[in-house]
Amino acid sequence: MASQSGMVDPAIFQDLQARVDEDTAVRDELKDIIQALEKHNRNVSFVLSRAHSTPVANLREVLKAAEESINTVIDDVSKLSQAASKLPYYKFNNMWSRQMQSAVEGLLLWGWLGGYKYDGGDIKAGRLLTIEELGEILKIPVNLKERDEFHLTLEEYLQSLISLVEELTRLARNAVTLGDYERPILINQFVKDLFAGFQILNLKNDSLRRRSDGLKYRVKDVEDVVYDLSLRNLLPKKG
Amino acid sequence: MPDETTECKPEQPTGPFIAMFEGFRKELDEHHDRRERIIKASRDITASSKKIVRNVGQPVPPFVNKSNAQYWETIQKQYSGIASDLQSLNAHRYAHNITGGNQEFIEALSFHHYLETQSLISYDEAKARIAMMSKDEAKDGDLQQEGSVVPLSPEDYILGICDMTGELMRFSVTSMATNGRLPAGRAKATPTSKSPAATEDADRMDIDSQALTSGDSQKPRTVLDDLRSIRLQLEMFEAPYGPKWVSELETKKMPVMRECVDKVEKALYGLTVRGSERPKGWMPDMSSDRRAEVESY
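Because the structure is predicted, anything quoted here is derived from the model rather than measured.

Cut-off values and rules
- Residues numbered from 1 in each chain as written.
- Chains lettered and ligands numbered in written order.
- Predicted model: local features only at pLDDT ≥ 70, side-chain atom pairs only at ≥ 80, totals over all residues.
- Heavy atoms only, no water.
- Helix = DSSP H or I, 4+ residues; strand = E, 2+ residues; numbered from the N terminus.
- Buried < 20%, exposed > 50% of the residue type's maximum accessible area, 1.4 Å probe, protein only.
- Contact = heavy atoms within 4.5 Å.
- Areas by Shrake-Rupley, 256 points an atom, 1.4 Å probe, with all protein chains shown as cover.
- Axes fitted to C-alpha atoms, helices over the stretch in contact; angles between N-to-C directions.
- Parallel < 35°, antiparallel > 145°, perpendicular 65-115°, else oblique.
- Left-handed = near helix turned anticlockwise from the far one by under 90°.
- Nonpolar A, V, L, I, M, F, W, Y, C, P; charged D, E, K, R; others polar.

Colleague: So what exactly am I meant to see when it comes to the overall build of chain B here?
Modeller: The helix and strand inventory of chain B stands at nine helices and zero strands. Ordered by position in the sequence, the α and β elements of chain B form the string α-α-α-α-α-α-α-α-α. Split into buried and exposed, the 297 residues of chain B put 49% on the buried side. Of the contacts formed within chain B by residues at least 6 apart in sequence, a portion of 74% connects residues at least 24 apart. With an accessible surface of roughly 15100 Å², chain B has 50% of that area assigned to carbon and sulfur atoms.

Colleague: Whenever I open this one, the overall build of chain A confuses me. Can you help?
Modeller: Along the backbone of chain A there are nine helices and zero strands. Reading the helices (α) and strands (β) of chain A from amino to carboxyl end gives α-α-α-α-α-α-α-α-α. Counting only residues that meet the buried cut, chain A has 52% of its 239 residues in that class. Considering only intrachain contacts with a sequence separation of at least 6, the fraction spanning at least 24 residues in chain A is 71%. On chain A, roughly 11400 Å² of surface is accessible, and the fraction owed to carbon and sulfur atoms is 48%.

Colleague: Would you explain the packing of helix α4 (residues 97–113) of chain A against helix α6 (residues 154–177) of chain A in this entry?
Modeller: Helix packing geometry: the angle between the two helix axes and the distance between the axes. Residue and element names in this part refer to chain A. In the contact formed by α4 and α6, the axes pass within 8 Å of each other and the chain directions differ by 50°. Taken together, the axis directions place α4 and α6 in an arrangement best described as oblique. Once α4 is placed against α6, the crossing between them reads as right-handed. Residue-level contacts link Ser 97, Met 100, Gln 101, Val 104, Glu 105, Leu 108, Leu 109, Trp 112 and Leu 113 of α4 to Glu 156, Tyr 157, Gln 159, Ser 160, Leu 161, Ser 163, Leu 164, Glu 167, Leu 168 and Leu 171 of α6. Within the contact of α4 with α6, the residues separate by chemical class into eleven nonpolar, five polar and three charged.

Colleague: Even after reading the chapter, I still don't get the packing of α6(A) against helix α7 (residues 183–199) of chain A, so can you show me in this structure?
Modeller: Residue and element names in this part refer to chain A. Remark: α6 packs on α7, axes separated minimally by 9 Å, with the N-to-C direction vectors making an angle of 160°. The angle between the axes of α6 and α7 places the two elements in the roughly antiparallel class. Handedness of the α6/α7 crossing: left-handed. Within the contact between the two elements, α6 uses Leu 158, Leu 161, Ile 162, Leu 164, Val 165, Leu 168, Leu 171, Ala 172, Ala 175 and Val 176 and α7 uses Arg 183, Pro 184, Ile 187, Phe 190, Val 191, Leu 194 and Phe 198. Grouping the amino acids of the contact of α6 with α7 by side-chain chemistry returns 16 nonpolar, no polar and one charged.

In C-alpha coordinates, the structure reads:
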(Lines give C-alpha, C1' and ligand atoms only; values in the text may rest on other atoms or scores of the structure.)
Protein backbone atom coordinates (compact mmCIF):
# COMPACT_ATOMS: atom_id res chain seq x y z
CA MET A 1 0.00 0.00 0.00
CA ALA A 2 1.96 2.88 -1.29
CA SER A 3 0.50 5.58 0.84
CA GLN A 4 1.29 8.79 -0.95
CA SER A 5 0.89 11.15 1.90
CA GLY A 6 1.80 11.97 5.41
CA MET A 7 -1.70 13.03 6.23
CA VAL A 8 -2.61 9.84 8.02
CA ASP A 9 -0.19 8.46 10.48
CA PRO A 10 -0.55 4.72 9.86
CA ALA A 11 0.13 4.09 13.53
CA ILE A 12 -3.32 5.50 14.33
CA PHE A 13 -5.09 2.73 12.55
CA GLN A 14 -2.65 0.06 13.58
CA ASP A 15 -3.38 0.95 17.16
CA LEU A 16 -7.14 0.90 16.61
CA GLN A 17 -6.86 -2.41 14.84
CA ALA A 18 -5.00 -3.85 17.80
CA ARG A 19 -7.68 -2.64 20.18
CA VAL A 20 -10.48 -4.07 18.13
CA ASP A 21 -8.65 -7.35 17.65
CA GLU A 22 -8.24 -7.60 21.39
CA ASP A 23 -12.00 -7.35 21.81
CA THR A 24 -12.47 -10.08 19.25
CA ALA A 25 -10.09 -12.33 21.14
CA VAL A 26 -12.03 -11.71 24.33
CA ARG A 27 -15.27 -12.56 22.60
CA ASP A 28 -13.86 -15.77 21.22
CA GLU A 29 -12.68 -16.77 24.65
CA LEU A 30 -16.11 -16.23 26.18
CA LYS A 31 -18.01 -17.93 23.41
CA ASP A 32 -17.35 -21.49 24.57
CA ILE A 33 -18.40 -20.79 28.13
CA ILE A 34 -21.59 -19.14 26.97
CA GLN A 35 -22.38 -22.00 24.64
CA ALA A 36 -21.95 -24.50 27.45
CA LEU A 37 -24.24 -22.41 29.63
CA GLU A 38 -26.85 -22.34 26.93
CA LYS A 39 -26.69 -26.09 26.54
CA HIS A 40 -27.01 -26.71 30.27
CA ASN A 41 -29.87 -24.23 30.50
CA ARG A 42 -31.69 -26.38 28.01
CA ASN A 43 -31.12 -29.40 30.23
CA VAL A 44 -32.67 -27.59 33.16
CA SER A 45 -35.71 -26.54 31.22
CA PHE A 46 -36.00 -30.03 29.79
CA VAL A 47 -36.10 -31.54 33.27
CA LEU A 48 -38.37 -28.86 34.69
CA SER A 49 -40.82 -29.18 31.83
CA ARG A 50 -41.78 -32.50 33.35
CA ALA A 51 -43.46 -30.48 36.08
CA HIS A 52 -46.25 -29.83 33.60
CA SER A 53 -47.09 -33.50 33.43
CA THR A 54 -46.13 -34.65 36.91
CA PRO A 55 -48.57 -34.61 39.80
CA VAL A 56 -47.33 -32.71 42.82
CA ALA A 57 -47.02 -35.97 44.72
CA ASN A 58 -44.29 -37.15 42.37
CA LEU A 59 -42.61 -33.83 41.88
CA ARG A 60 -39.82 -34.62 44.31
CA GLU A 61 -38.02 -36.63 41.70
CA VAL A 62 -38.25 -33.89 39.12
CA LEU A 63 -36.84 -31.35 41.54
CA LYS A 64 -33.99 -33.64 42.41
CA ALA A 65 -33.13 -34.21 38.78
CA ALA A 66 -33.37 -30.48 38.15
CA GLU A 67 -30.94 -29.77 40.94
CA GLU A 68 -28.29 -31.82 39.20
CA SER A 69 -28.57 -29.88 35.98
CA ILE A 70 -28.81 -26.65 37.92
CA ASN A 71 -25.46 -27.40 39.47
CA THR A 72 -23.80 -27.56 36.08
CA VAL A 73 -25.43 -24.24 35.23
CA ILE A 74 -24.02 -22.76 38.41
CA ASP A 75 -20.57 -24.00 37.40
CA ASP A 76 -20.91 -22.42 33.98
CA VAL A 77 -21.99 -19.13 35.48
CA SER A 78 -19.00 -19.19 37.82
CA LYS A 79 -16.69 -19.72 34.90
CA LEU A 80 -18.34 -16.94 32.98
CA SER A 81 -18.20 -14.66 35.96
CA GLN A 82 -14.51 -15.33 36.41
CA ALA A 83 -13.68 -14.77 32.77
CA ALA A 84 -15.85 -11.69 32.42
CA SER A 85 -15.21 -9.89 35.66
CA LYS A 86 -12.04 -8.28 34.41
CA LEU A 87 -13.90 -6.86 31.43
CA PRO A 88 -16.06 -3.78 31.22
CA TYR A 89 -19.38 -5.43 31.99
CA TYR A 90 -21.66 -3.53 29.67
CA LYS A 91 -19.31 -3.74 26.76
CA PHE A 92 -19.85 -7.46 26.48
CA ASN A 93 -22.99 -8.28 28.42
CA ASN A 94 -25.16 -8.60 25.35
CA MET A 95 -23.14 -11.72 24.62
CA TRP A 96 -24.49 -13.55 27.63
CA SER A 97 -27.54 -11.63 28.76
CA ARG A 98 -29.96 -14.01 27.09
CA GLN A 99 -28.25 -17.05 28.55
CA MET A 100 -28.15 -15.52 32.01
CA GLN A 101 -31.84 -14.82 31.72
CA SER A 102 -32.67 -18.39 30.88
CA ALA A 103 -30.45 -19.62 33.70
CA VAL A 104 -32.42 -17.40 36.05
CA GLU A 105 -35.72 -18.48 34.53
CA GLY A 106 -34.87 -22.08 35.30
CA LEU A 107 -33.95 -21.21 38.85
CA LEU A 108 -37.09 -19.15 39.38
CA LEU A 109 -39.35 -21.95 38.23
CA TRP A 110 -37.41 -24.47 40.27
CA GLY A 111 -37.67 -22.19 43.28
CA TRP A 112 -41.36 -21.65 42.76
CA LEU A 113 -42.00 -25.38 42.51
CA GLY A 114 -40.32 -25.79 45.88
CA GLY A 115 -36.83 -26.88 44.95
CA TYR A 116 -34.97 -24.16 46.81
CA LYS A 117 -33.87 -25.19 50.29
CA TYR A 118 -35.98 -28.28 50.00
CA ASP A 119 -35.44 -30.35 53.10
CA GLY A 120 -37.22 -33.53 52.19
CA GLY A 121 -40.60 -32.89 53.75
CA ASP A 122 -43.71 -31.71 51.94
CA ILE A 123 -42.94 -29.71 48.90
CA LYS A 124 -43.92 -26.12 49.36
CA ALA A 125 -44.67 -24.29 46.16
CA GLY A 126 -45.14 -20.59 45.53
CA ARG A 127 -41.81 -19.12 46.51
CA LEU A 128 -40.39 -16.19 44.64
CA LEU A 129 -36.62 -16.19 44.61
CA THR A 130 -35.38 -12.67 45.11
CA ILE A 131 -32.54 -11.27 43.07
CA GLU A 132 -30.31 -11.54 46.13
CA GLU A 133 -31.15 -15.21 46.60
CA LEU A 134 -30.38 -15.83 42.95
CA GLY A 135 -27.04 -14.15 43.45
CA GLU A 136 -26.32 -16.49 46.35
CA ILE A 137 -27.30 -19.55 44.37
CA LEU A 138 -25.27 -18.52 41.34
CA LYS A 139 -22.45 -17.15 43.51
CA ILE A 140 -22.36 -13.87 41.66
CA PRO A 141 -22.99 -10.28 42.68
CA VAL A 142 -26.33 -8.82 41.70
CA ASN A 143 -27.55 -5.43 40.66
CA LEU A 144 -24.23 -3.63 40.91
CA LYS A 145 -24.25 0.13 40.66
CA GLU A 146 -20.65 1.22 40.79
CA ARG A 147 -18.30 -1.72 40.67
CA ASP A 148 -17.66 -2.79 37.11
CA GLU A 149 -17.85 -6.54 37.44
CA PHE A 150 -19.85 -9.45 36.24
CA HIS A 151 -23.26 -9.56 37.87
CA LEU A 152 -26.93 -10.22 37.40
CA THR A 153 -28.73 -7.05 36.40
CA LEU A 154 -32.10 -5.89 37.59
CA GLU A 155 -33.35 -5.88 34.01
CA GLU A 156 -32.36 -9.49 33.54
CA TYR A 157 -34.16 -10.42 36.73
CA LEU A 158 -37.31 -8.58 35.68
CA GLN A 159 -37.23 -10.20 32.25
CA SER A 160 -36.96 -13.58 33.89
CA LEU A 161 -39.90 -12.82 36.16
CA ILE A 162 -42.02 -12.24 33.09
CA SER A 163 -40.92 -15.60 31.73
CA LEU A 164 -41.83 -17.18 35.06
CA VAL A 165 -45.33 -15.78 34.81
CA GLU A 166 -45.65 -17.20 31.31
CA GLU A 167 -44.48 -20.58 32.48
CA LEU A 168 -46.84 -20.56 35.45
CA THR A 169 -49.76 -19.70 33.21
CA ARG A 170 -49.06 -22.88 31.33
CA LEU A 171 -48.71 -24.76 34.57
CA ALA A 172 -52.10 -23.54 35.80
CA ARG A 173 -53.84 -25.20 32.88
CA ASN A 174 -51.77 -28.32 33.00
CA ALA A 175 -52.37 -28.71 36.72
CA VAL A 176 -56.09 -28.82 36.02
CA THR A 177 -55.49 -31.51 33.45
CA LEU A 178 -53.70 -33.50 36.11
CA GLY A 179 -56.67 -33.07 38.40
CA ASP A 180 -54.92 -30.58 40.64
CA TYR A 181 -57.37 -27.79 41.39
CA GLU A 182 -55.38 -26.12 44.11
CA ARG A 183 -52.38 -25.12 42.12
CA PRO A 184 -54.28 -22.74 39.79
CA ILE A 185 -55.47 -20.79 42.80
CA LEU A 186 -51.96 -20.49 44.11
CA ILE A 187 -50.72 -19.44 40.71
CA ASN A 188 -53.56 -16.98 40.34
CA GLN A 189 -52.59 -15.15 43.49
CA PHE A 190 -48.89 -15.26 42.76
CA VAL A 191 -49.23 -13.96 39.23
CA LYS A 192 -51.48 -11.17 40.40
CA ASP A 193 -49.04 -10.13 43.07
CA LEU A 194 -46.21 -10.02 40.59
CA PHE A 195 -48.32 -8.11 38.11
CA ALA A 196 -49.14 -5.57 40.81
CA GLY A 197 -45.41 -5.13 41.28
CA PHE A 198 -44.79 -4.54 37.61
CA GLN A 199 -47.58 -2.00 37.52
CA ILE A 200 -45.80 0.38 39.83
CA LEU A 201 -42.70 0.46 37.64
CA ASN A 202 -42.21 3.38 35.28
CA LEU A 203 -41.10 1.51 32.23
CA LYS A 204 -39.84 3.27 29.18
CA ASN A 205 -40.42 2.12 25.69
CA ASP A 206 -38.02 -0.80 25.78
CA SER A 207 -38.17 -4.56 25.59
CA LEU A 208 -39.04 -4.82 29.25
CA ARG A 209 -42.02 -2.59 28.66
CA ARG A 210 -43.17 -4.55 25.66
CA ARG A 211 -42.94 -7.88 27.43
CA SER A 212 -44.51 -6.63 30.63
CA ASP A 213 -47.43 -5.32 28.61
CA GLY A 214 -48.27 -8.94 27.95
CA LEU A 215 -48.51 -9.75 31.64
CA LYS A 216 -52.12 -8.70 31.90
CA TYR A 217 -53.08 -11.32 29.35
CA ARG A 218 -51.28 -13.99 31.35
CA VAL A 219 -53.12 -12.84 34.47
CA LYS A 220 -56.34 -13.09 32.54
CA ASP A 221 -55.46 -16.58 31.30
CA VAL A 222 -54.99 -17.81 34.83
CA GLU A 223 -58.16 -16.08 35.98
CA ASP A 224 -60.02 -17.87 33.23
CA VAL A 225 -58.77 -21.19 34.52
CA VAL A 226 -59.93 -20.35 38.02
CA TYR A 227 -63.23 -19.15 36.62
CA ASP A 228 -63.74 -22.41 34.76
CA LEU A 229 -63.09 -24.31 37.94
CA SER A 230 -65.39 -22.21 40.05
CA LEU A 231 -68.16 -22.42 37.47
CA ARG A 232 -68.09 -26.17 37.79
CA ASN A 233 -67.77 -26.04 41.50
CA LEU A 234 -64.39 -27.67 41.35
CA LEU A 235 -62.52 -25.23 43.54
CA PRO A 236 -61.29 -26.85 46.71
CA LYS A 237 -63.25 -25.70 49.71
CA LYS A 238 -61.25 -23.34 51.82
CA GLY A 239 -61.38 -24.37 55.34
CA MET B 1 -60.81 -7.43 30.71
CA PRO B 2 -60.54 -8.63 34.25
CA ASP B 3 -57.07 -7.32 34.75
CA GLU B 4 -57.81 -4.95 37.56
CA THR B 5 -55.73 -6.76 40.07
CA THR B 6 -55.46 -3.75 42.23
CA GLU B 7 -59.16 -3.61 42.82
CA CYS B 8 -58.87 -0.88 45.36
CA LYS B 9 -57.21 2.41 44.54
CA PRO B 10 -54.32 2.27 42.14
CA GLU B 11 -52.62 4.70 44.47
CA GLN B 12 -52.20 2.13 47.17
CA PRO B 13 -51.11 -1.10 45.62
CA THR B 14 -50.71 -3.87 48.09
CA GLY B 15 -49.17 -7.25 47.94
CA PRO B 16 -46.19 -9.22 49.10
CA PHE B 17 -43.88 -7.94 46.37
CA ILE B 18 -44.78 -4.26 46.37
CA ALA B 19 -41.98 -3.21 48.69
CA MET B 20 -39.46 -5.03 46.53
CA PHE B 21 -40.80 -3.46 43.38
CA GLU B 22 -40.71 -0.02 44.93
CA GLY B 23 -36.97 -0.47 45.21
CA PHE B 24 -36.83 -1.57 41.61
CA ARG B 25 -38.84 1.43 40.54
CA LYS B 26 -36.40 3.78 42.16
CA GLU B 27 -33.47 2.14 40.44
CA LEU B 28 -35.12 2.06 37.06
CA ASP B 29 -36.10 5.71 37.41
CA GLU B 30 -32.51 6.63 38.16
CA HIS B 31 -31.39 4.63 35.16
CA HIS B 32 -33.88 6.29 32.84
CA ASP B 33 -33.04 9.76 34.12
CA ARG B 34 -29.37 9.19 33.59
CA ARG B 35 -29.98 7.81 30.14
CA GLU B 36 -32.10 10.77 29.19
CA ARG B 37 -29.51 13.24 30.43
CA ILE B 38 -26.93 11.53 28.26
CA ILE B 39 -29.18 11.38 25.22
CA LYS B 40 -29.96 15.05 25.56
CA ALA B 41 -26.28 15.96 25.89
CA SER B 42 -25.52 13.79 22.90
CA ARG B 43 -28.08 15.67 20.85
CA ASP B 44 -26.76 19.05 21.89
CA ILE B 45 -23.22 17.99 21.11
CA THR B 46 -24.40 16.79 17.73
CA ALA B 47 -26.14 20.07 16.95
CA SER B 48 -23.20 22.21 17.97
CA SER B 49 -20.75 20.00 16.12
CA LYS B 50 -22.77 20.36 12.96
CA LYS B 51 -22.65 24.11 13.30
CA ILE B 52 -18.91 24.08 13.81
CA VAL B 53 -18.49 21.99 10.71
CA ARG B 54 -20.65 24.31 8.69
CA ASN B 55 -18.71 27.38 9.78
CA VAL B 56 -15.32 25.80 9.45
CA GLY B 57 -16.08 24.60 5.97
CA GLN B 58 -16.67 28.12 4.72
CA PRO B 59 -13.72 29.63 2.92
CA VAL B 60 -13.30 32.34 5.54
CA PRO B 61 -10.74 30.79 7.84
CA PRO B 62 -9.69 33.78 9.94
CA PHE B 63 -13.07 34.17 11.55
CA VAL B 64 -13.94 30.61 12.20
CA ASN B 65 -12.38 30.40 15.59
CA LYS B 66 -14.34 33.28 16.95
CA SER B 67 -17.74 32.46 15.61
CA ASN B 68 -17.40 28.90 16.75
CA ALA B 69 -16.41 29.69 20.30
CA GLN B 70 -19.97 29.45 21.54
CA TYR B 71 -20.40 26.00 20.04
CA TRP B 72 -17.21 24.68 21.55
CA GLU B 73 -18.43 26.06 24.80
CA THR B 74 -21.77 24.32 24.50
CA ILE B 75 -20.09 21.05 23.75
CA GLN B 76 -17.77 21.45 26.66
CA LYS B 77 -20.67 22.19 28.94
CA GLN B 78 -22.50 19.10 27.78
CA TYR B 79 -19.49 16.86 28.15
CA SER B 80 -18.67 18.06 31.60
CA GLY B 81 -22.32 17.79 32.55
CA ILE B 82 -22.54 14.09 31.83
CA ALA B 83 -19.02 12.99 32.71
CA SER B 84 -20.09 11.71 36.10
CA ASP B 85 -22.91 9.71 34.52
CA LEU B 86 -20.46 7.82 32.38
CA GLN B 87 -18.10 6.38 34.93
CA SER B 88 -17.03 2.88 35.78
CA LEU B 89 -19.87 0.44 35.23
CA ASN B 90 -21.89 3.10 33.44
CA ALA B 91 -19.22 4.00 30.91
CA HIS B 92 -20.28 1.22 28.61
CA ARG B 93 -23.82 0.96 29.81
CA TYR B 94 -24.71 4.21 28.09
CA ALA B 95 -22.12 4.03 25.35
CA HIS B 96 -24.75 3.74 22.67
CA ASN B 97 -26.56 6.79 24.03
CA ILE B 98 -23.53 9.04 23.68
CA THR B 99 -22.07 7.55 20.52
CA GLY B 100 -24.07 9.86 18.24
CA GLY B 101 -22.70 12.97 19.90
CA ASN B 102 -19.21 11.55 20.07
CA GLN B 103 -19.19 10.68 16.40
CA GLU B 104 -20.45 14.05 15.36
CA PHE B 105 -17.94 15.77 17.57
CA ILE B 106 -15.11 13.70 16.12
CA GLU B 107 -16.28 14.73 12.70
CA ALA B 108 -16.08 18.40 13.64
CA LEU B 109 -12.89 18.03 15.60
CA SER B 110 -11.03 16.07 12.94
CA PHE B 111 -12.18 18.41 10.17
CA HIS B 112 -11.11 21.43 12.14
CA HIS B 113 -7.85 19.73 13.00
CA TYR B 114 -7.26 18.86 9.38
CA LEU B 115 -7.78 22.40 8.17
CA GLU B 116 -5.31 23.66 10.71
CA THR B 117 -2.65 21.02 10.50
CA GLN B 118 -3.36 19.05 7.35
CA SER B 119 -3.19 15.86 9.28
CA LEU B 120 -5.60 13.39 10.75
CA ILE B 121 -6.15 13.77 14.45
CA SER B 122 -5.20 10.55 16.20
CA TYR B 123 -7.49 8.51 18.38
CA ASP B 124 -5.46 9.36 21.44
CA GLU B 125 -5.49 13.07 20.70
CA ALA B 126 -9.23 13.01 20.13
CA LYS B 127 -9.76 11.08 23.33
CA ALA B 128 -7.60 13.49 25.26
CA ARG B 129 -9.54 16.40 23.80
CA ILE B 130 -12.86 15.01 24.95
CA ALA B 131 -11.34 14.20 28.31
CA MET B 132 -10.20 17.78 28.62
CA MET B 133 -13.57 19.13 27.60
CA SER B 134 -15.43 16.96 30.03
CA LYS B 135 -13.30 18.14 32.90
CA ASP B 136 -12.81 21.83 33.23
CA GLU B 137 -16.30 23.15 33.51
CA ALA B 138 -15.28 25.30 36.40
CA LYS B 139 -11.63 25.80 37.11
CA ASP B 140 -11.80 24.06 40.44
CA GLY B 141 -11.03 20.55 39.42
CA ASP B 142 -11.43 19.39 42.99
CA LEU B 143 -15.15 19.17 42.56
CA GLN B 144 -14.85 16.34 40.15
CA GLN B 145 -13.04 13.21 41.05
CA GLU B 146 -10.03 12.12 39.10
CA GLY B 147 -10.56 10.54 35.78
CA SER B 148 -14.14 11.66 35.57
CA VAL B 149 -14.17 12.09 31.84
CA VAL B 150 -16.43 11.07 29.01
CA PRO B 151 -14.87 8.06 27.31
CA LEU B 152 -14.36 7.91 23.57
CA SER B 153 -14.43 4.44 22.08
CA PRO B 154 -12.40 3.42 19.04
CA GLU B 155 -15.74 2.73 17.40
CA ASP B 156 -16.93 6.31 17.87
CA TYR B 157 -13.66 7.56 16.48
CA ILE B 158 -13.71 5.42 13.36
CA LEU B 159 -17.32 6.22 12.57
CA GLY B 160 -16.63 9.91 13.12
CA ILE B 161 -13.67 9.84 10.76
CA CYS B 162 -15.85 8.20 8.13
CA ASP B 163 -18.24 11.11 8.40
CA MET B 164 -15.41 13.58 8.16
CA THR B 165 -14.62 12.46 4.62
CA GLY B 166 -17.95 13.99 3.62
CA GLU B 167 -16.73 17.35 4.89
CA LEU B 168 -13.48 17.03 2.99
CA MET B 169 -15.49 16.28 -0.10
CA ARG B 170 -17.68 19.34 0.34
CA PHE B 171 -14.65 21.45 1.09
CA SER B 172 -12.90 20.26 -2.09
CA VAL B 173 -15.86 20.72 -4.34
CA THR B 174 -16.64 24.19 -3.02
CA SER B 175 -13.08 25.20 -3.57
CA MET B 176 -13.00 23.81 -7.08
CA ALA B 177 -16.18 25.68 -7.90
CA THR B 178 -15.01 29.01 -6.55
CA ASN B 179 -11.29 28.96 -7.24
CA GLY B 180 -10.96 26.36 -9.89
CA ARG B 181 -8.49 24.32 -7.94
CA LEU B 182 -8.31 21.61 -5.43
CA PRO B 183 -7.10 22.82 -2.06
CA ALA B 184 -3.54 21.77 -1.55
CA GLY B 185 -0.83 22.18 0.97
CA ARG B 186 2.20 24.26 0.15
CA ALA B 187 4.83 22.55 -1.91
CA LYS B 188 7.25 20.65 0.17
CA ALA B 189 10.51 19.02 -0.49
CA THR B 190 9.39 15.66 0.71
CA PRO B 191 5.66 15.37 0.63
CA THR B 192 5.78 11.68 1.43
CA SER B 193 7.75 12.09 4.57
CA LYS B 194 6.12 10.67 7.64
CA SER B 195 7.97 12.91 10.00
CA PRO B 196 5.96 15.52 11.84
CA ALA B 197 7.99 18.13 10.06
CA ALA B 198 6.06 17.31 6.95
CA THR B 199 3.00 18.97 8.34
CA GLU B 200 4.70 21.77 10.12
CA ASP B 201 5.39 24.00 7.21
CA ALA B 202 1.97 23.40 5.80
CA ASP B 203 0.18 24.42 8.89
CA ARG B 204 -2.64 26.03 7.10
CA MET B 205 -4.71 24.52 4.39
CA ASP B 206 -5.05 27.45 2.10
CA ILE B 207 -7.23 27.62 -0.91
CA ASP B 208 -5.09 30.31 -2.43
CA SER B 209 -1.98 28.30 -2.19
CA GLN B 210 -0.32 26.75 -5.12
CA ALA B 211 -2.37 24.42 -7.26
CA LEU B 212 -1.29 21.20 -8.81
CA THR B 213 1.75 21.35 -10.92
CA SER B 214 1.51 18.54 -13.31
CA GLY B 215 4.06 15.84 -13.78
CA ASP B 216 6.09 16.96 -10.85
CA SER B 217 7.18 14.51 -8.19
CA GLN B 218 7.37 17.45 -5.81
CA LYS B 219 3.77 18.43 -6.22
CA PRO B 220 2.04 19.35 -2.99
CA ARG B 221 -0.39 17.07 -1.33
CA THR B 222 -3.98 17.84 -2.19
CA VAL B 223 -7.16 17.16 -0.30
CA LEU B 224 -7.78 14.37 -2.73
CA ASP B 225 -4.51 12.70 -1.80
CA ASP B 226 -5.52 12.93 1.82
CA LEU B 227 -8.99 11.64 1.15
CA ARG B 228 -7.48 8.69 -0.61
CA SER B 229 -5.17 7.91 2.21
CA ILE B 230 -8.02 8.00 4.71
CA ARG B 231 -10.00 5.76 2.43
CA LEU B 232 -7.08 3.38 2.18
CA GLN B 233 -6.74 3.16 5.95
CA LEU B 234 -10.44 2.64 6.45
CA GLU B 235 -10.57 -0.02 3.76
CA MET B 236 -7.64 -1.80 5.33
CA PHE B 237 -9.25 -1.73 8.73
CA GLU B 238 -10.52 -5.14 9.67
CA ALA B 239 -13.73 -4.73 11.57
CA PRO B 240 -14.61 -7.57 13.90
CA TYR B 241 -17.55 -9.75 13.18
CA GLY B 242 -20.59 -9.27 15.33
CA PRO B 243 -20.88 -5.97 17.15
CA LYS B 244 -23.61 -3.63 16.08
CA TRP B 245 -21.38 -0.74 15.12
CA VAL B 246 -19.69 -2.88 12.51
CA SER B 247 -22.82 -3.33 10.46
CA GLU B 248 -23.33 0.41 10.68
CA LEU B 249 -19.81 0.89 9.42
CA GLU B 250 -20.11 -1.56 6.59
CA THR B 251 -23.60 -0.87 5.35
CA LYS B 252 -23.77 2.87 5.84
CA LYS B 253 -20.57 4.67 6.59
CA MET B 254 -18.15 2.97 4.25
CA PRO B 255 -20.29 3.26 1.11
CA VAL B 256 -20.86 6.94 1.81
CA MET B 257 -17.16 7.44 2.41
CA ARG B 258 -16.29 5.78 -0.92
CA GLU B 259 -18.89 7.92 -2.63
CA CYS B 260 -17.26 11.04 -1.24
CA VAL B 261 -13.86 10.15 -2.62
CA ASP B 262 -15.45 9.29 -5.96
CA LYS B 263 -17.19 12.63 -6.09
CA VAL B 264 -13.99 14.55 -5.65
CA GLU B 265 -12.25 12.42 -8.24
CA LYS B 266 -15.04 13.03 -10.72
CA ALA B 267 -15.06 16.72 -10.00
CA LEU B 268 -11.35 16.93 -10.52
CA TYR B 269 -11.73 15.04 -13.74
CA GLY B 270 -14.28 17.57 -14.90
CA LEU B 271 -11.99 20.38 -13.88
CA THR B 272 -9.06 18.84 -15.70
CA VAL B 273 -10.95 18.19 -18.90
CA ARG B 274 -12.91 21.39 -19.09
CA GLY B 275 -10.94 23.55 -16.73
CA SER B 276 -9.95 26.24 -19.19
CA GLU B 277 -13.50 26.71 -20.34
CA ARG B 278 -14.74 27.20 -16.86
CA PRO B 279 -17.13 30.13 -16.67
CA LYS B 280 -17.63 31.97 -13.45
CA GLY B 281 -19.77 30.12 -10.97
CA TRP B 282 -19.31 26.85 -12.77
CA MET B 283 -19.84 23.83 -10.60
CA PRO B 284 -17.93 20.65 -11.18
CA ASP B 285 -20.06 18.09 -12.88
CA MET B 286 -20.51 15.35 -10.39
CA SER B 287 -23.25 13.48 -12.11
CA SER B 288 -20.84 11.95 -14.57
CA ASP B 289 -20.65 8.27 -13.98
CA ARG B 290 -17.49 7.78 -15.90
CA ARG B 291 -14.50 6.89 -13.85
CA ALA B 292 -11.75 9.38 -14.24
CA GLU B 293 -8.15 8.53 -13.71
CA VAL B 294 -7.09 11.99 -12.72
CA GLU B 295 -3.52 11.40 -11.92
CA SER B 296 -2.41 10.21 -15.29
CA TYR B 297 -2.89 13.27 -17.35
